[in-house]
Amino acid sequence: MHRVVVTGLGAVSPIGKTAPDYWVGLASGTCGIGPLTIPYAEELNQKNAAEVKDFRPLDYFQDRQLSSLDRVSQFAIVAAREAITQSGLSFGDGLSERTATIIGTGVGGHNTQDDSFRRVYRDNATRVFPLTIPKLMANAPASQISMHCGLRGPAFAVVSACASATHAIGLAFHMVRSGAVSCAVTGGTEACLTFGAMRGWEAMRVMAPERCSPFSAGRLGMIVGEGAAVIVLETLESARARGAEILGEIIGFGMSADAADLTAPDEGGMARAIESALADARVATTDVQYINAHGTGTAANDSTETAAIRRVFGAHADKLAMSSTKSMVGHALGAAGALELVATLMGIREGVAPPTIGYQGKDPACDLDYVPNEARRMPIDVALSNSFAFGGLNATLAVRKAP
Amino acid sequence: MQAEVEQDVMAIIASKVRVEKPALTRDDRLQDLGIESIDAVEMIFDLEEKFDVEIPYNANTAGTEFRTVGDVVDAIQTLVNNKA
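Residues numbered from 1 in each chain as written. Chains lettered and ligands numbered in written order. Predicted model: local features only at pLDDT ≥ 70, side-chain atom pairs only at ≥ 80, totals over all residues.

A few words on the overall build of chain A. For chain A, the helix and strand inventory stands at 13 helices and 14 strands. Taking 403 residues into account, the globule formula puts the C-alpha radius of gyration at 22 Å, and chain A, at 20 Å, falls close to it. On the principal axes, the C-alpha backbone points of chain A span a range of 65 × 55 × 40 Å. Per-residue burial over chain A gives 59% buried out of 403 residues. Put simply, of all contacts in chain A between residues at least 6 apart along the chain, 80% involve residues at least 24 apart. (Helix = DSSP H or I, 4+ residues; strand = E, 2+ residues; numbered from the N terminus. Rg over C-alpha atoms; globule rule 2.2 N^0.38 Å. Buried ≥ 20, exposed ≤ 12 C-beta atoms within 10 Å, placed from the backbone. Contact = placed C-beta atoms within 7 Å.)

Following this line, the structure appears as structure tokens:
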């Protein structure tokens, strides 16, 4: 069993298109939620979302490359390049063949699907774009990263809605820990702010009209977001041998299924994922100082997650800080777990818990310390990042300060 | 017209009920009928489709807006009247 460390971070988010910019946004409590600017937005009832603003594909890709890249893959590649550059890895001498590429996404190339199907259903076109299928497939981001970055080891997508990225990173962690691969490029990506998808979210009746206020009294629901985050994992020995800067350590991963309701969260299922991450990491509940919550801002998630934390942590629940960065970047679905793990890793490194912004007052059903409205300087040694998906699929990662 | 709307609304609500209940009354609470979460969202969709109206409904505040069968009947009645 190897110890697994992080040596590269990359992020594309509504509050910053690099990991350092994303972190500055988080630490300063920047809200990335605003008016939707997608095509046909004026026909929607929902007016707000967390878009990645001013993302100009030609800043990152040649014109010719773009015909094969949905926005979801563009985000993924940009985040992967940033993470790999920071790691300093070059993937020569057989390392490419021993590097896994595991990328989570909720729905894959939704813009391609929406654009193509609008042509056939609404505009009565008789043909769609030639690369419609390979652009929209859920494994496109993983495939595109492997091609653009020259990674020839195991590569695949992980799909589990809002937990996709956390499941993806967890699997990558297991593969590096076991020695199945030497290195992994892993994370999540999502770009599903399309007219069709927003109609779908409207029909769920779970979105807040303007802002996302997790754990707060008077919260009105979630806000859909987009973006990507990718990290580079390798063994502690290899990072030390290379003299690479170690940004944090992944120490545990836990998973569970509710086997209950399709959409309603389940305290027991959440608690089992958290407990199994702690057991995998061999840390006690009292070792944990910070939790990056799933914290969607819905009435049901936030009270249920709070109850799960109380169930697992007992009296220590009142001593730890738990915040939801979705208050700033919305819910990026299949990318959320990766964006949140990057937030957690950077928080540990900087000794700062990012805030839950938009917090207006205490809900009796949410009675923990949510780091309301302002980031807090605090030493963090061990932290968790929670992701709980529709379909009752739960995943929690445990991380520790760089050794 | 009014009785007809009430009857149609009651029929849609009845299709979502998850407990043994021979007949619905206005005072029945949706929660007691087992209509929560996704069932309520599906009920709202069925009502919108049936009456061609848009019902402002947020699942996060559902417990305060639509507590009883009567609340739903009255809301639909108002929307249908406004349309006419």
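Picking up where we left off.
What follows is about the environment of I309 of chain A. Residue and element names in this part refer to chain A. By secondary structure assignment, the location of I309 is in helix α11 (residues 299-313). Overall, the presence of 25 C-beta atoms within 10 Å leaves I309 in the buried class. The spatial distance from the C-alpha of I309 to the C-alpha of T101 is 32 Å, given a sequence separation of 208 residues.

All names here are of chain A. Look at A161: it is not a glycine, yet its phi comes out positive at around 45°. Its identity is not glycine, yet F215 carries a phi of approximately 65°, on the positive side. On the secondary structure map, F215 appears in the loop between α8 (195-204) and β7 (227-235).

A separate point is the pairing of β7 of chain A. Residues and elements named next belong to chain A. Within β7, eight of the nine residues are buried, which leaves it mostly tucked inside the rest of the structure. Bridge count for strand β1 (residues 4-12) against β7 is eight bridges, and the pairing is antiparallel. Pairing of G8 across the sheet is with V232, part of β7. The pairing of strand β6 (residues 183-190) with β7 spans eight bridges and is antiparallel. The residue bridging T186 from the neighbouring strand is I231, located in β7. (Pairing = 2+ DSSP bridges.)

All names here are of chain B. Helix α2 (residues 37-51) packs onto helix α1 (residues 2-14) with a crossing angle of 150° between their chain directions and a minimal axis gap of 9 Å. Considering the relative orientation of α1 and α2, their crossing is right-handed. Taken together, the residues of α2 that come into contact with α1 (itself represented by D8, V9, I12 and I13) are M43, D46, L47 and K50. Tallied by class, residues from the contact of α1 with α2 come to five nonpolar, no polar and three charged. (Axes fitted to C-alpha atoms, helices over the stretch in contact; angles between N-to-C directions. Left-handed = near helix turned anticlockwise from the far one by under 90°. Nonpolar A, V, L, I, M, F, W, Y, C, P; charged D, E, K, R; others polar.)

Once that is clear, we can look at helix α6 (residues 140-149) of chain A. All names here are of chain A. Here α6 has its buried residues at A140, P141, A142, Q144, I145 and S146. On its buried face, α6 is in contact with α3 (71-87), β4 (99-104), α5 (132-136), β5 (155-158) and β6. Positioned one or two residues after α6, G150 has a phi angle of 65°, which is positive.

Looking now at α8 of chain A. The periodicity of an α-helix, 3.6 residues per turn, causes residues three or four positions apart to be oriented the same way. Residues and elements named next belong to chain A. Among the residues of α8, A197, M198 and W201 are the ones counted as buried. Along the axis of α8, the buried positions cluster into a sector of 100°, meaning they face one direction only. Positive backbone phi, at 65°, marks R205, one or two positions downstream of α8. (Arc of directions from axis to C-beta.)

Attention shifts here to the confidence of the model for chain B. For chain B, per-residue confidence averages 90 on the pLDDT scale, and residues scoring 70 or more make up 98% of the total. Under the prediction, the complex receives an ipTM of 0.86, its pTM being 0.96. (pLDDT = per-residue confidence, 0-100.)

Before going further, it helps to examine the domain arrangement of chain A. All names here are of chain A. Domains assigned within chain A are domain 1 (4-242) and domain 2 (250-400). Contact with domain 1, which involves 63 residues of that partner, is made by 57 residues of domain 2. When residues of the side of domain 1 that touches domain 2 are traced back to their parent elements, those giving at least two are β1, α1 (19-27), α7 (164-178), β6 and β7. In terms of residue count, α7 provides more of the side of domain 1 that touches domain 2 than any other element does, eight residues in total. Its residues assigned to classes, the side of domain 1 that touches domain 2 shows 36 nonpolar, 23 polar and four charged. (Domains from an automatic or database assignment.)

Here we come to the nonpolar core. Counting residues in each nonpolar core, the largest one holds 146 residues, and the members touching the most others are A79, A172, L233 and V342 of chain A. The two domains that each donate at least three residues to this core are domain 1 (4-242) and domain 2 (250-400) of chain A. (Core = buried A, V, L, I, M, F, W, Y, C linked by C-beta atoms within 7 Å.)

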